[in-house]
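As a plain string of letters, each chain reads:
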Amino acid sequence: MVLRAHVGKLKVHGIAAEVAGDVLRLVRTFPAPDRFSIGDQLGRAAVSVPANLSEACGRGTIPEFRRFLLYARGFAQEVLSLLQVTQRSGLGRREKVVSLASKTALVLKMICRLHDNPPPDR
């Protein structure tokens, strides 16, 4: 059986891509030393979430699909952790960081739900 999942039909991918763009814009506001340390790591982790969701859809079987969902989940958890550090360090506007953390938590829940209920084989 071949898994037929299309990334364009996954709401979680759209939200994750939105979060990644917002994170990259946030990181641009950091002072230079922070932008090149925590900002770089935060940006890479945020971009990895939708990238791994896309790769999951490109895989042919449910076990492979689930494996890449786990990678995406791990990166989303990293984003949450780095957003906490960002907030505690006083980087970025507090409201924006809290909003991004909330959206990232939603992405995490959606990834877990998708992992438990993958698209059917066809």
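Our structure is the block above this text.
In what follows, the accompanying structure is described. Remember, it's a predicted structure, so these values are computed and weren't measured experimentally.

**Looking at the overall build of the chain**
Link 1 in the chain: Broken down by element type, the chain carries five helices and zero strands.
Link 2 in the chain: Scanning the chain from its N terminus toward the C terminus, one meets helices and strands in the order α-α-α-α-α.
Link 3 in the chain: In terms of C-alpha radius of gyration, the chain reaches 15 Å, essentially the compact-globule figure of 14 Å for 122 residues.
Link 4 in the chain: C-alpha extents for the chain along the principal axes are approximately 50 × 20 × 20 Å.
Link 5 in the chain: Of all 122 residues assigned to the chain, the portion counted as buried reaches 39%.
Link 6 in the chain: Working note: accessible area of the chain is about 6800 Å², and carbon and sulfur atoms make up 54% of it.
Link 7 in the chain: Put simply, the chain has 19 plus and 10 minus side-chain charges, and the middle of one group is 4 Å from the middle of the other.

**Focus: the packing of aromatic side chains**
Link 1 in the chain: A complete count under the given rule lists one aromatic pair for this structure.
Link 2 in the chain: Here Phe68 and Tyr71 contribute two aromatic rings whose centre-to-centre distance is 5.1 Å and whose plane-to-plane angle is 85°, an arrangement assigned as edge-to-face. With Phe68 and Tyr71 both in helix α4 (residues 62-89) and three residues apart, the pair spans about one turn of that helix.
Link 3 in the chain: The exposure class of Phe68 is buried, given its relative accessible area of 7%.
Link 4 in the chain: Classification of Tyr71 as partly exposed rests on a relative accessible area of 37%.

**Quick word on the nonpolar core**
Link 1 in the chain: Of all hydrophobic cores here, the largest spans 20 residues; its most connected members are Val12, Val49, Leu53, Phe65, Leu69 and Ile111.
Link 2 in the chain: Sorting the residues of this core by element identifies α1 (11-27), α3 (38-58), α4 and α5 (94-116) as the ones contributing at least two each.
Link 3 in the chain: If one sorts the elements of this core by residue count, α4 sits on top with six residues.
Link 4 in the chain: Residues in contact with Leu53, not counting those within four places in the same chain, are Val7, Val12, His13, Ala16, Leu69, Ala72 and Ile111.

**Looking at empty space enclosed by the protein**
In this approach the atoms are scanned with a rolling probe the size of a water molecule, which exposes any empty space left behind.
Link 1 in the chain: Under the counting rule described, the total for this entry stands at one cavity of 30 Å³ or more.
Link 2 in the chain: Estimated volume of the largest cavity: approximately 50 Å³.
Link 3 in the chain: What lines the largest cavity is Ala16, Val19, Ala46, Val49, Ala76, Val79, Thr104 and Val107.
Link 4 in the chain: For the lining of the largest cavity, the secondary-structure elements that each account for two or more residues are α1, α3, α4 and α5.
Link 5 in the chain: For the lining of the largest cavity, the per-class residue count stands at seven nonpolar, one polar and no charged.

**Remarks on the packing of α1 against α5**
Link 1 in the chain: For the pair α1 and α5, interaxial distance at closest approach is 10 Å and the crossing angle is 150°. With respect to their mutual orientation, α1 and α5 come out roughly antiparallel. Pair α1 / α5 crosses with left-handed handedness. Touching Lys11, Val12, Ile15, Ala16, Glu18, Val19, Asp22, Val23 and Leu26 of α1 are Lys96, Val97, Leu100, Lys103, Thr104, Leu106, Val107, Met110, Ile111 and Leu114, all from α5.

What counts, and where the lines are drawn
Residues numbered from 1 in each chain as written. Predicted model: local features only at pLDDT ≥ 70, side-chain atom pairs only at ≥ 80, totals over all residues. Heavy atoms only, no water. Helix = DSSP H or I, 4+ residues; strand = E, 2+ residues; numbered from the N terminus. Rg over C-alpha atoms; globule rule 2.2 N^0.38 Å. Buried < 20%, exposed > 50% of the residue type's maximum accessible area, 1.4 Å probe, protein only. Areas by Shrake-Rupley, 256 points an atom, 1.4 Å probe, with all protein chains shown as cover. Lys, Arg positive; Asp, Glu negative; His and termini not counted. Charge placed at Lys NZ, Arg CZ, Asp CG, Glu CD. Phe/Tyr/Trp six-rings, centres within 6.5 Å; stacked < 30°, edge-to-face > 60°. Core = buried A, V, L, I, M, F, W, Y, C linked by side-chain atoms within 4.5 Å. Contact = heavy atoms within 4.5 Å. 1 Å grid on protein atoms, 1.4 Å probe; cavity = no way out; pocket = protein on both sides within 12 Å on 5 of 7 lines; lining within 4 Å. Points joined across faces, edges and corners; volume = space filled by probe spheres on them. Nonpolar A, V, L, I, M, F, W, Y, C, P; charged D, E, K, R; others polar. Axes fitted to C-alpha atoms, helices over the stretch in contact; angles between N-to-C directions. Parallel < 35°, antiparallel > 145°, perpendicular 65-115°, else oblique. Left-handed = near helix turned anticlockwise from the far one by under 90°.

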